[in-house]
Amino acid sequence: MSLEHIYQTILMDHYQNPRNAGTISNATCSLHEHNPLCGDEITISMKLEGDRISKVAFDGKGCAISIASASMMTEQLQGKSVNDAKQLIDTFLSIMRGEKEFADHPEFEDAMALEGVKKLHARIKCATLSWNTAKKLLSES
Ligand code: ZN
């Protein structure tokens, strides 16, 4: 199996079985954003306990890349401190801009499957929508 095929499989798995999909009943903050280029919509909600993200969920509709990316992001942010989460998001956004490489950041796990999206310029906004929304949410809270 080629690496590209493995990435495709991970991506489709997150799209078809999204992790942390839905809303949190006792969320402390949430934010809705959309990507007009593709029509993707996303709402990220979080339950913050002190300095920690104890719960994060997303509710979205859109293309496979936007949903899979949101699913991967929620998995990565769950349980992290706000500062660690912000740093992780910034690193992810730098990678998608081509300034950093997934190869140097093994902490990304499944999100590495978005590597191929970097080549599809029109789809980068699909992949970064949920991460940008979470970033905004964390900077506001
Ligand atoms: Zn999209």
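Structural data are supplied above this passage.
We now turn to the structure provided with this report. (Residues numbered from 1 in each chain as written. Predicted model: local features only at pLDDT ≥ 70, side-chain atom pairs only at ≥ 80, totals over all residues. Heavy atoms only, no water.)

## Side note on the side chain of Thr 74
Within the secondary structure, Thr 74 is located in helix α2 (residues 64-77). The exposure class of Thr 74 is buried, given its relative accessible area of 0%. With residues up to four places along the chain from it excluded, the contact list for Thr 74 reads Arg 19, Asn 20, Val 56, Ala 57 and Phe 58. (Helix = DSSP H or I, 4+ residues; strand = E, 2+ residues; numbered from the N terminus. Buried < 20%, exposed > 50% of the residue type's maximum accessible area, 1.4 Å probe, protein only. Contact = heavy atoms within 4.5 Å.)

## Section: the coordination of the zinc ion
Those donors, Cys 38 (SG), Asp 40 (OD), Asp 40 (OD), Cys 63 (SG) and Cys 126 (SG), are the protein atoms that reach the zinc ion, and they lie 2.2 to 2.7 Å from it. Counting gaps between the donor residues of the zinc ion yields the pattern C-x1-D-x22-C-x62-C. Of this pair, Asp 40 sits in strand β2 (residues 40-49) while Cys 126 sits in helix α4 (residues 124-140), and the two are 86 residues apart along the sequence. The class of Asp 40 is buried, set by a relative accessible area of 0%. (Donors = N, O, S within 2.8 Å, 3.2 Å for Na, K, Ca; no water.)

## Some words on the packing of aromatic side chains
Summed over the entire model, instances satisfying the criterion amount to five aromatic pairs. Between Phe 92 and Phe 108 the ring centres are 6.0 Å apart and the planes differ by 50°, which places this aromatic pair in the tilted class. Residue Phe 92 is located in helix α3 (residues 82-96), and its partner Phe 108 is located in the loop between α3 and α4; the two are separated by 16 residues in the primary sequence. There is no split in this pair, since Phe 92 and Phe 108 are both buried. With a centroid separation of 3.8 Å and 10° between ring planes, the pair formed by Phe 92 and Trp 131 is classed as stacked. Note that Phe 92 is positioned in helix α3 and Trp 131 in helix α4, a separation of 39 residues in sequence. Owing to a relative accessible area of 0%, Phe 92 belongs among the buried residues under this scheme. Classification of Trp 131 by relative accessible area gives buried; the value is 0%. Through successive ring pairs, a cluster of aromatic residues spans Phe 92, Phe 102, Phe 108 and Trp 131. (Phe/Tyr/Trp six-rings, centres within 6.5 Å; stacked < 30°, edge-to-face > 60°.)

## Digging into α4
The periodicity of an α-helix, 3.6 residues per turn, causes residues three or four positions apart to be oriented the same way. Given a rise of 1.5 Å per residue, 17 residues ought to cover 24 Å, and the 24 Å separating the end C-alpha atoms of α4 matches this to within 8%. Where α4 bends most, at Ser 130, the angle is about 30°. Those residues of α4 that sit buried are Ile 124, Cys 126, Ala 127, Thr 128, Leu 129, Ser 130, Trp 131, Thr 133, Ala 134, Leu 137 and Leu 138. (Expected span 1.5 Å × (residues − 1). Bend = angle between axes of the 7 residues up to and from the residue.)

## Thoughts on α2
Its 14 residues give α2 an end-to-end C-alpha distance of 20 Å, which sits within 8% of 20 Å, the value for a rise of 1.5 Å per residue. Along α2, 12 of the 14 residues are buried, which leaves the element largely enclosed by surrounding structure. Of the residues making up α2, those classed as buried are Ile 65, Ser 66, Ile 67, Ala 68, Ser 69, Ala 70, Ser 71, Met 72, Met 73, Thr 74, Gln 76 and Leu 77. Next to the buried residues of α2 lie α1 (3-16), β2, β3 (52-61), α3 and α4. Just beyond α2, the residue with positive phi is Gly 79, at close to 85°.

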